[in-house]
Amino acid sequence: MLLKSSFTTLVVGVFVVYVVHTCWVMYGIVYTKPCEPPSSTGCITPFLAGNPELQMSVYTALWPNANGGHTLVHKEEHFNINEKFERTVNVSIPKKTRNNGTLYALVFVHQAGIIPWQDPQQVHLTAQLTAYMVPKPPEISLITGEDNTQGVTEEARQTKQRKEDSRMSDQPVSHWRSRLTLNIVGDHFVFDKEHLPSDVRRYLRAFQNGKKMVYLPLLFVDELSNRIKDLLEINSTTLELPLTISYDAISLGRLRFWIHMQDAVYSLQQFGFTEKDADEIKGIFTDTNLYFLALTFFVAAFHLLFDFLAFKNDISFWKEKKSMVGMSSKAVLWRCFSTIIIFLYLFDEQTSLLVLIPAGIGAVIEVWKVKKALKIQVDWKGGKPTFLFGKLDESERKTGEYDTQAMKYLSYLLYPLCLGGALYALIFLRYKSWYSWLINSMVNGVYAFGFLFMLPQLFVNYKLKSVAHLPWKAFMYKAFNTFIDDVFAFIITMPTSHRLACFRDDVVFLIYLYQRWLYPVDKTRVNEYGISYDDKPKRKSHKD
């Protein structure tokens, strides 16, 4: 007991140190020491402080930093650093780009009235407007076998054929990035030469103006805003594609944070993360307010801690579990089934490994719990497994009768709902294959009606008038996580089904709490099932 308590204390201590260290690192990123006094010769002053007349020009080219072969696609005259704008332009696609080639955008901020190449005080960056992706397979109706090509043009049919050919060869094709997001630091910040951040240094271009060092506008191309949902497959017959150019001023702290996040996403891709994995991480930053993102980090950290504590207590509880008295075996089987279905669904959707690996580990643990619940022993004879089931005592058989009775009543509602949902998906929705339809139908049933399988345990508790057999410590940690999920489900834009899924767990847990109040447990005494309040088996004393 002392060893386990020390281990838990160690984990909580490491968690606290990690959170404090992360806060310190984040503070170092967003805070930059200014130069004092600003008139010192060791300071770098902003070029924007003189309110110059600027212009933004965007060119396209087949090569980055092209000295020739560039085409002007947009010119923002009378460019104001602090005025946000969004422009949509049509870009001509060169033949090489249409033939699975690349195309770049050259963004210049320079003095108004002259071309960028004649301005010695211009700043520019290069952004790639194309990306290579494997086309998504078409979704078809499993009843009719037809897709959505009826009534479309010949050009669209050719595009579909190219997608199918690329899918067969598993070759990526060129896609068009329809958004170009640009930022410039609007703060007139004075840098100290001795404390110039390394992340800003690569974007900073300075020149000598008399006795002062002056830095040009800090131009930044936001690569985190390039999402998969904005990609358009380049058709060999399409001569133009739309490009949305978005601009907004940015603070120095946010710029430094964005630079670090882009570097982190790039590093993940170098370690083997797919474009879809990187896109999911980008969505965390681009779809969330920066301050809310910081709050999300702390909440996610505590969510992880509660997950670990719930996992630890759940494993400890089932490791020492010798009897299934008072426990619903049907609920254990359902949790195992639903966890495996969710894992297969995530695998079929090619979800990020950050989500897929924990789901797989959870599925393995649930299978182990089924083995413990059903007292299954595997005997290997002649290289073939033989499964042996343990015998149930009288108390366990009584619990099993209540469990079966609860499932009988539940089946009257559950089976028609699940069957109706599967038929609706089969007739009206489209999927890539029969396997996708089957997995999606089952996972929808898990999310929609999963709470019904929590009810047999409530029924068993009611019949036995006892809750001493439940792992309350693990329940409490899971309840904390459910509450966190509820708060964020209603703050962040999420599907209604997900919000209802969070709310339904709360309702069932409140019923568990009511039953615990209704059937109180004496913490100093072993109950009639030989299990104490803290879920540790104890011997009864002579006084009992």
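These lines cover the structure that appears in this document, whether it is placed above or below. (Residues numbered from 1 in each chain as written. Predicted model: local features only at pLDDT ≥ 70, side-chain atom pairs only at ≥ 80, totals over all residues. Heavy atoms only, no water.)

Side chains of residues three or four places apart in an α-helix project in the same direction, reflecting 3.6 residues per turn. Every buried residue belonging to helix α12 (residues 455–464) is among Pro456, Gln457, Leu458, Val460, Asn461 and Leu464, and all of these are buried. Within two residues after α12, Lys465 carries a phi angle of roughly 55°, on the positive side. (Buried < 20%, exposed > 50% of the residue type's maximum accessible area, 1.4 Å probe, protein only. Helix = DSSP H or I, 4+ residues; strand = E, 2+ residues; numbered from the N terminus.)

Quick look at a nonpolar patch on the surface now. Together, Trp24, Val25, Tyr27, Val30 and Tyr31 give the surface a local cluster of nonpolar side chains, amounting to about 540 Å² of exposed area. Tracing the backbone shows Val25 in helix α1 (residues 2–30). For Val25, a relative accessible area of 36% translates into the label partly exposed. (Patch = residues over 30% accessible without salt bridge, like charges linked within 9 Å, V, L, I, M, F, W, Y side chains within 5 Å. Areas by Shrake-Rupley, 256 points an atom, 1.4 Å probe, with all protein chains shown as cover. Salt bridge = Lys/Arg side-chain N within 4 Å of Asp/Glu carboxyl O.)

Another point: the sheet that holds strand β8 (residues 173–177). Strand order in the open sheet formed by 3 strands is β7-β8-β14, with antiparallel pairing between adjacent strands. The strands lining the two open edges of the sheet, one partner per strand, are β7 (130–133) and β14 (231–233). Averaged over all adjacent pairs, the angle separating strand axes in this sheet is 45°, with direction ignored. Sheet topology note: the β7/β8 ladder contains 4 bridges and is antiparallel. Along β8, the bridge assignment pairs Tyr132 with Ser174. (Pairing = 2+ DSSP bridges. Axes fitted to C-alpha atoms, helices over the stretch in contact; angles between N-to-C directions.)

Using the criterion set out here, one finds 1 disulfide in the structure. Residue Cys35 pairs covalently with Cys43 via a disulfide, S to S 1.7 Å. In this structure, the disulfide formed by Cys35 and Cys43 twists by about -70° around the S-S bond and is classed as left-handed. For Cys35, a relative accessible area of 5% corresponds to the buried category. Residue Cys43 is classed as buried on the basis of its relative accessible area of 3%. (Disulfide = S-S within 2.5 Å.)

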